[in-house]
Amino acid sequence: MTTCAYGKIAVLAPSGVQTGGPELLHQLVHEIRRQGGDAYIHYVPDPEAPVPERYRVYDTPPMKELKLGKNDCLVGPETMVRQFPLFSKAERFIWWLSFDFFLSQRSGAKRIAANTYKRSLIKAQTLSGTRHLFQSHYARNCLERWGVSGGILSDYLSVVPPQSGGPAREDIILYNPKKGLPITERLQRAHPGLTFKPIINMTKAEVEDAFSRAKIYIDFGEHPGKDRLPREAASLGTVVIAGRRGSAAFAEDMPLQDQYKLAIDPSLEQRFGKLVGEVFGDFDTHFAAQAPYRDFVSGEREMFSQQVRETFFR
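These remarks concern the structure in this document. As the structure is a prediction and not an experimental result, all values here were calculated from the model.

## Some details on the pattern of salt bridges
Here is step 1: Counted under the stated rule, the structure contains 22 salt bridges.
Here is step 2: A salt bridge links R54 to E23; the shortest N-O distance between them is 3.1 Å. Of this pair, R54 sits in the loop between β2 (38-44) and β3 (73-77) while E23 is found in helix α1 (residues 20-34), placing the two residues 31 residues apart along the sequence.
Here is step 3: For E23, a relative accessible area of 5% corresponds to the buried category.
Here is step 4: Here E300 and R231 are joined by a salt bridge, their closest N and O atoms 3.0 Å apart. Linking E300 in helix α10 (residues 300-312) with R231 in helix α6 (residues 228-235), this pair joins segments that are 69 residues apart in sequence. Accessibility classification places E300 together with R231 in one group, the buried group.
Here is step 5: Each of E23, R54, D155, K226, R228, R231 and E300 takes part in salt bridges that share partners, so that together they form one network.

Structure, rendered in structure tokens:
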């Protein structure tokens, strides 16, 4: 029988935002409470904000006033590092949901100055006792170069895999226009005969329906952490093709065979066209080849529970 290592646990989350990152924060509160811990969500900048409709499936009572003592714990994503007190009696964890997006997106001297400041901020937090958790092995690898270490605290999908006998698969390539669009546009220009369909302005049910019909989902974005859409696509039976960059380059984060991870170089268009033709022509073989990835995704719920237990319980 395990017991929670802390009295109260507060998890910081942005108020009024309904995207993948904040969902992870609500999942964490839910899982800690499921295992017997006293966890709460604390919204920033509006502590009075209601729990968004999308997250009400989780047990996430709000903590409107952030009062924590020496036996308590504060957890927040790297995007909220400025909200972390440098000196606090409570245990503190920065949960790195991404690394790339923490860095400045400016250019030239402004980028160097901004990233120097951010690196010094992380160093100050670490020296003052703040600990670190990583959603991906990629993020942990990047932070180790800054002398920062910590454990893995991943996440999981709230997607139910389809039953057998679903709709017939179509020769469609789905993509997220918010991820790696310049690369996707390169591929579209090189292969005008292929059907590309963007995942945009869709409800959750519509996205799941699209994944249950298309043969391929592509993601040539930065992969700053373990992105949700590739995993959702795989769990719904779509063959995933990704750019070999960010977390997608790490087998621990995306255990796909190398043939489905394409280097972004001058030969990309040719290799992509060949692979797409093979998947369209023999979908069942490629579907079977990605079974280990689907098994990995389906096991993330239990893996997350174990990681929460190891981090917050004793």
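## Here we look at helix α5 (residues 204-213)
Here is step 1: Buried residues of α5: V207, A210, F211 and S212, and no others.
Here is step 2: On its buried face, α5 sits against β7 (170-175), β9 (214-219) and α6.

## Some words on the environment of Q27
Here is step 1: Secondary-structure assignment places Q27 in helix α1.
Here is step 2: Spatially, the C-alpha atom of Q27 lies 20 Å from that of F99, the residues being 72 residues apart in sequence.
Here is step 3: With residues up to four places along the chain from it excluded, the contact list for Q27 reads Y58, D155, Y156, R228 and F304.
Here is step 4: Among the polar contacts listed, one links the side chain of Q27 to the backbone oxygen of Y156, at a separation of 3.1 Å.

## Thoughts on the environment of G21
Here is step 1: Mapped onto the elements of the fold, G21 is located in helix α1.
Here is step 2: C-alpha of G21 to C-alpha of D227: the two residues are 206 residues apart in sequence and 9.5 Å apart in space.

## Observations regarding the sheet that holds β9
Here is step 1: Strand order in the open sheet formed by five strands is β8-β7-β9-β10-β11, and the pairing between neighbours is parallel. The sheet terminates laterally at β8 (196-198) and β11 (261-262), the two strands that pair on one side only.
Here is step 2: When β7 meets β8, the two strands line up parallel, connected through three bridges. Across the sheet, the residue bridging to I173 is F196, located in β8.
Here is step 3: Each of β9 and β10 (239-243) is contacted by α6, which is oriented at about 165° to β9, the strand it contacts most.

Criteria and cut-off values
- Residues numbered from 1 in each chain as written.
- Predicted model: local features only at pLDDT ≥ 70, side-chain atom pairs only at ≥ 80, totals over all residues.
- Heavy atoms only, no water.
- Salt bridge = Lys/Arg side-chain N within 4 Å of Asp/Glu carboxyl O.
- Helix = DSSP H or I, 4+ residues; strand = E, 2+ residues; numbered from the N terminus.
- Buried < 20%, exposed > 50% of the residue type's maximum accessible area, 1.4 Å probe, protein only.
- Contact = heavy atoms within 4.5 Å.
- Polar contact = N/O pair within 3.5 Å; in protein donor to acceptor, adjacent residues only side chain to side chain.
- Pairing = 2+ DSSP bridges.
- Axes fitted to C-alpha atoms, helices over the stretch in contact; angles between N-to-C directions.

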